[in-house]
Amino acid sequence: MLVTNLTILVLAGFIGFAVISKIPNTLHTPLMSGTNAIHGIVLLGGLLVIGLAGNSAFNKLILVIAIAFGTINIVGGFLVTDRMLEMFKRKPTSAPKDGEQK
Amino acid sequence: MILATSFVHNENFLRVLYIVAFALFIYGLMGLTGPRTAVRGNRIAAVGMAIAVIATLLQPGEGNWGLIILGVAIGTAVGIPAARRVRMTAMPQMVALFNGVGGGAVFLIAWAEFDNTGGYAHPAGLHSAASGAVPTYVAVFSVFAAIIGSVSFWGSNIAFGKLQELLPGRPITLGSLQQPVNFALGAVAIALGVIIVAGSHSELIFILMLLAAAALGNAVVLPIGGADMPVVISLLNAATGLSAAATGVALNNPALIVAGMIVGASGSILTNLMAVAMNRSIPAIIAGGFGGGGVVAGATGAGAFEGTVRSTSAADVAMQLAYARQVVVVPGYGMAVAQAQHAVRELAKALEARGVEVKYAIHPVAGRMPGHMNVLLAEADVPYDQLKEMDDINPEFPRTDVALVIGANDVTNPAAHTNPGSPIYGMPILDVENSQSVVVIKRSMNPGFAGIENELYYKPNTSMLFGDAKGAVADITAELADI
């Protein structure tokens with residue numbers, strides 16, 4: 001199990017490098033905020049552990065906090081990235097002559 | 001295992017859902033390579049996240065629904081308004097905050113798992129140490145996640161506090177003791193982690209480890225000045241990603257591993273790019289002190305340069321701009337704090353109406369995040385083909401009549417080329433000094449966040465327009481209308 005997981009770990013690292021290297025400077029702030037949303041996936045960890053039997057009351061408390069944190073990370077992260085990217089989308093209204101001038 | 005009650009609870013089906021989820025993450029991120037496909041890319045990644053969450057909820061034995069709903073409801077109630085209301089200028093601290101809660105979730109989960117498994121000793125869910133042993137690697141990865149998650153949580157919160165100006169932006173350091181202290185805290189956290197991996201079931205030791213990591217997170221970020229914050233946030237982002245991946249290994253969850261590693265890779269790339277753009281090594285930034293005048297104070301006092309500072313008026317600037325052929329706007333953090341992006345756009349429109357060519361020169365680390373200026377100008381509807389990256393715009397400055405520097409400082413400092421003693425020597429800058437004339441809009445003569453005097457301001461072709469960026473730009477636009 002460990003070896004399979006380590007394989008996934010290493011390959012995912014390389015895929016990450018390959019994909020992210022292609023992203024232009026202009027989009028680095030949304031990229032940071034988008035990947036930030038993605039690590040909210042730790043929410044899954046919270047969901048898995050809270051589902052187990054044998055959690056003490058204190059455990060349940062910290063897991064609810066963890067789930068809330070993970071949800072904030074995901075929901076907030078994706079929304080804020082969406083807001084930013086929407087601004088990049090509505091595009092060249094003015095500057096029709098810009099192309100020929102360079 | 002194949003005794004699952006129904007098709008949807010079939011483990012292989014759930015694994016396929018995870019594969020679909022992380023395929024969507026990767027595909028979504030690929031969409032971020034262009035502004036046109038980026039919105040879709042982000043939404044695709046969000047769909048992937050939803051699928052991953054649903055797959056997890058379908059796991060056999062999932063329970064405690066009330067608590068899950070409670071946690072998700074709290075998170076949604078906090079997250080949505082925060083994301084909706086934040087102003088674009090406050091984006092860096094928002095990212096820091098979201099990053100912090102992610103790190104918080106990581107260490108809390110590791111803690112709960114420690115508690116549930118009697119110190120990673122027996123499989124989760126059994127409070128008797130009866131059946132089966134847990135492989136050591138589970139403890140190793142969980143402890144790693146706990147330490148890094150805790151560092152990231154506290155570090156991000158400090159970064160948020162500094163950017164939000166709840167804490168002073170300048171470095172808060174212990175001086176020469178700082179590095180030994182950081183080192184000691186790190187060593188203590190690791191030592192306690194090793195004790196747990198070696199088989200300690202003591203919750204006290206686990207809590208002490210979290211506290212040492214928390215202290216380390218504070219101690220590392222507090223001494224770092226405002227200018228270096230973007231690098232720190234990016235680094236912490238990578239750290240949270242890696243800790244999420246470690247959680248994934250411990251919990252044997254491939255979706256967590258893939259997503260965490262991608263974030264780790266992306267954060268590392270961005271951190272490195274920024275460090276290169278600022279001519280600083282990552283270890284030097286973490287060692288702290290820079291970025292707020294700590295190290296360089298006294299290197300060059302005010303008035304150390306030949307020449308005088310020439311102050312100008314909005315009317316004069318308007319005149320200069322009106323008769324220019326090409327104007328290059330150089331925005332910096334000053335534009336962001338003054339919320340001046342819309343005013344800048346208005347000015348550019350007025351100039352374009354007079355046939356002046358307007359371009360924007362974007363330094364890779366202008367603002368508080370890489371690409372921060374692009375976001376703000378996009379918010380103000382500036383077409384992105386007018387935004388020029390450093391390497392494209394630098395050859396254009398000699399052909400530029402007026403370079404209008406709005407709240408940017410260090411990224412225009414010629415000392416990066418000329419003064420080997422300067423801390424920013426060798427940093428690639430925007431060569432605004434090569435234009436016919438330079439107008440700098442600035443609140444005062446105070447040095448920028450790096451605490452370095454800018455000799456650009458003393459050059460004969462430079463004039464200073466003192467004032468708040470938004471007000472000053474609006475004044476110029478108003479004067480322009482009267483010409």
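Note that the coordinates shown come from a computational prediction; the quantities given were computed from them, not determined experimentally.

Rules and cut-offs
Residues numbered from 1 in each chain as written. Chains lettered and ligands numbered in written order. Predicted model: local features only at pLDDT ≥ 70, side-chain atom pairs only at ≥ 80, totals over all residues. Heavy atoms only, no water. Helix = DSSP H or I, 4+ residues; strand = E, 2+ residues; numbered from the N terminus. Buried < 20%, exposed > 50% of the residue type's maximum accessible area, 1.4 Å probe, protein only. Contact = heavy atoms within 4.5 Å. Areas by Shrake-Rupley, 256 points an atom, 1.4 Å probe, with all protein chains shown as cover. Phe/Tyr/Trp six-rings, centres within 6.5 Å; stacked < 30°, edge-to-face > 60°. Pairing = 2+ DSSP bridges. Axes fitted to C-alpha atoms, helices over the stretch in contact; angles between N-to-C directions. Parallel < 35°, antiparallel > 145°, perpendicular 65-115°, else oblique. Left-handed = near helix turned anticlockwise from the far one by under 90°. Nonpolar A, V, L, I, M, F, W, Y, C, P; charged D, E, K, R; others polar. Buried area = accessible area lost by both parts, 1.4 Å probe. Salt bridge = Lys/Arg side-chain N within 4 Å of Asp/Glu carboxyl O. Polar contact = N/O pair within 3.5 Å; in protein donor to acceptor, adjacent residues only side chain to side chain. Expected span 1.5 Å × (residues − 1). Arc of directions from axis to C-beta. pLDDT = per-residue confidence, 0-100. Core = buried A, V, L, I, M, F, W, Y, C linked by side-chain atoms within 4.5 Å.

(A) Focus on the overall build of chain A. For chain A, the count of helices and strands is five helices and zero strands. For chain A, the N- to C-terminal ordering of α and β elements is α-α-α-α-α. Looking at the 102 residues of chain A, the share that counts as buried comes to 60%. Residue pairs at least 24 apart in sequence account for 70% of intrachain contacts in chain A once pairs closer than 6 positions are excluded. Here chain A displays about 3800 Å² of accessible surface, and carbon together with sulfur accounts for 70% of that area.

(B) Quick look at the packing of aromatic side chains. According to the stated counting rule, one finds seven aromatic pairs over all chains in the structure shown. Taking 6.4 Å as the distance between ring centres and 80° as the angle between the ring planes, the aromatic pair formed by B:Tyr137 and B:Phe141 counts as edge-to-face. With B:Tyr137 and B:Phe141 both in helix H5 (residues 136-163) and four residues apart, the pair spans about one turn of that helix. These aromatic residues form a ring-pair network of at least three members: A:Phe69, B:Phe107, B:Phe153 and B:Trp154.

(C) Representation of the environment of A:Gly76. Position of A:Gly76 relative to the elements: it lies in helix H4 (residues 57-89). By relative accessible area, which is 0% here, A:Gly76 ends up buried. Sequence spacing of A:Gly76 and A:Lys89 is 13 residues, and the spatial spacing of their C-alpha atoms is 20 Å. A:Gly76 has contacts with A:Thr71, B:Gly79, B:Ala83 and B:Phe98, leaving out every residue within four places of it along the chain.

(D) Structural detail: the sheet that holds strand E5 (residues 437-442) of chain B. Residue and element names in this part refer to chain B. Read from one edge of the open sheet, six strands run E3-E2-E1-E4-E5-E6, paired in parallel fashion. Each of the sheet's edge strands pairs with one partner strand only, and the pair in question is strand E3 (387-389) and strand E6 (462-466). Taking the axes of each pair of neighbouring strands and ignoring which way they run, one obtains an average angle of 25° across the sheet. The pairing of E5 with E6 spans five bridges and is classified as parallel. By the bridge assignment for E6, Val439 is matched with Ser463. Packed on one face of the sheet, helix H14 (residues 372-379) meets strand E1 (326-331), strand E2 (357-362) and E3 and runs near 145° to E2.

(E) Inspection of the packing of H5(B) against helix H8 (residues 229-251) of chain B at higher detail. All names here are of chain B. At a closest axis distance of 8 Å, the pairing of H5 and H8 adopts a crossing angle of 155°. Our classification of the angle between H5 and H8 gives roughly antiparallel. You can see that H5 and H8 cross each other, and the crossing is left-handed. Here the contact of H5 with H8 is composed, by residue class, of 17 nonpolar, eight polar and one charged.

(F) Fine view of the interface of chain B and chain A. Counting from both sides, the interface comprises 112 residues of chain B and, opposite them, 87 residues of chain A. A combined buried area of about 9000 Å² lies between chain B and chain A, and 73% of that area is made up of carbon and sulfur atoms. Ionic pairing is found between B:Arg43 and A:Asp82, a salt bridge with its closest N-O pair at 2.9 Å. Summed over the shared surface of chain B and chain A, the number is 18 residue pairs in polar contact (both at pLDDT 80 or more). With 17 residues, the top contributor of residues to the side of chain B that touches chain A is helix H4 (residues 91-116) of chain B. Along the lines of polarity and charge, the residues of the side of chain B that touches chain A split into 68 nonpolar, 30 polar and 14 charged.

(G) The arrangement of the packing of H4(A) against helix H2 (residues 35-57) of chain B in detail. For the pair H4(A) and H2(B), interaxial distance at closest approach is 8 Å and the crossing angle is 165°. Here H4(A) is positioned roughly antiparallel relative to H2(B), judged by the angle of their axes. Once H4(A) is placed against H2(B), the crossing between them reads as left-handed. For the pair H4(A) and H2(B), contact is made by A:Ile74, A:Phe78, A:Thr81, A:Asp82, A:Leu85, A:Glu86, A:Phe88 and A:Lys89 and by B:Pro35, B:Ala38, B:Val39, B:Asn42, B:Arg43, B:Ala45, B:Ala46 and B:Met49, respectively. Of the residues belonging to the contact of H4(A) with H2(B), the class tally is ten nonpolar, two polar and four charged.

(H) Expanded view of helix H6 (residues 178-197) of chain B. All names here are of chain B. Along its 20 residues, H6 runs 29 Å from first to last C-alpha, staying within 8% of the 28 Å computed at 1.5 Å per residue. For H6, the set of buried residues is Gln178, Asn182, Leu185, Gly186, Ala189, Leu192, Gly193 and Ile196. Across the axial projection of H6, the buried residues extend over an arc of 130°, all falling on one side. Seen from the buried face of H6, the exposed residues on the opposite side, beyond 90 degrees, are Phe183, Ile190 and Val194. Those residues of H6 that are buried lie in contact with H4, H5 and helix H7 (203-221). Looking one or two residues past H6, Gly199 carries a phi angle of roughly 125°, positive in sign.

(I) Summary view of the pattern of salt bridges. Tallying each qualifying case throughout the model produces six salt bridges over all chains. Among the ionic pairs, B:Lys359 bridges to B:Glu396, the shortest N-O distance being 3.0 Å. Taken together, the residues B:Lys359 in strand E2 and B:Glu396 in the loop between helix H15 (390-393) and strand E4 (402-406) connect sequence positions 37 residues apart. Across the pair, exposure class does not vary: B:Lys359 and B:Glu396 are buried alike. The network of salt bridges with common partners includes A:Asp82, A:Glu86 and B:Arg43.

(J) Representation of the confidence of the model for chain B. All names here are of chain B. Summary statistics for chain B give a mean pLDDT of 86 and a share of 90% for residues scoring 70 or more. Helix H10 (residues 282-287) is the least confidently modelled element of chain B, averaging 76 in pLDDT, while H7 averages 95, the highest of any element. Overall, residues 126-130 carries pLDDT values under 50, and its contacts beyond four positions in sequence, including any with other chains, amount to eight contacts. pLDDT under 50 marks residues 290-303. Its contacts with residues more than four places away, or in other chains, come to 32 contacts.

(K) Focus on the nonpolar core. All names here are of chain B. Residues Phe206 and Tyr360 are the most contacted members of the largest nonpolar core, which totals 191 residues. Tallying contributions element by element places H4 first for this core, with 15 residues. Residues in contact with Tyr360, not counting those within four places in the same chain, are Val329, Val344, Arg345, Ala348, Leu377, Val382, Gln386, Leu387 and Lys388.

(L) Summary view of the side chain of B:Asn182. All names here are of chain B. Following the sequence through the fold, Asn182 ends up in helix H6. For Asn182, a relative accessible area of 12% puts it in the buried group. If we ignore the near neighbours within four places in the chain, the residues touching Asn182 are Leu216, Ala219 and Val220.

(M) Structural context of H7(B). Residue and element names in this part refer to chain B. Taking 1.5 Å per residue, 19 residues should reach 27 Å; H7 reaches 27 Å between its end C-alpha atoms and fits that length. For H7, the complete set of buried residues consists of Ile205, Phe206, Met209, Leu210, Ala212, Ala213, Ala214, Leu216, Gly217, Ala219, Val220 and Val221. Residues of H7 that are buried in the fold lie against H4, H5, H6, H8 and H10. The N-capping residue of H7, defined by a side-chain oxygen 3.2 Å from the backbone nitrogen of Leu204, is Ser202.

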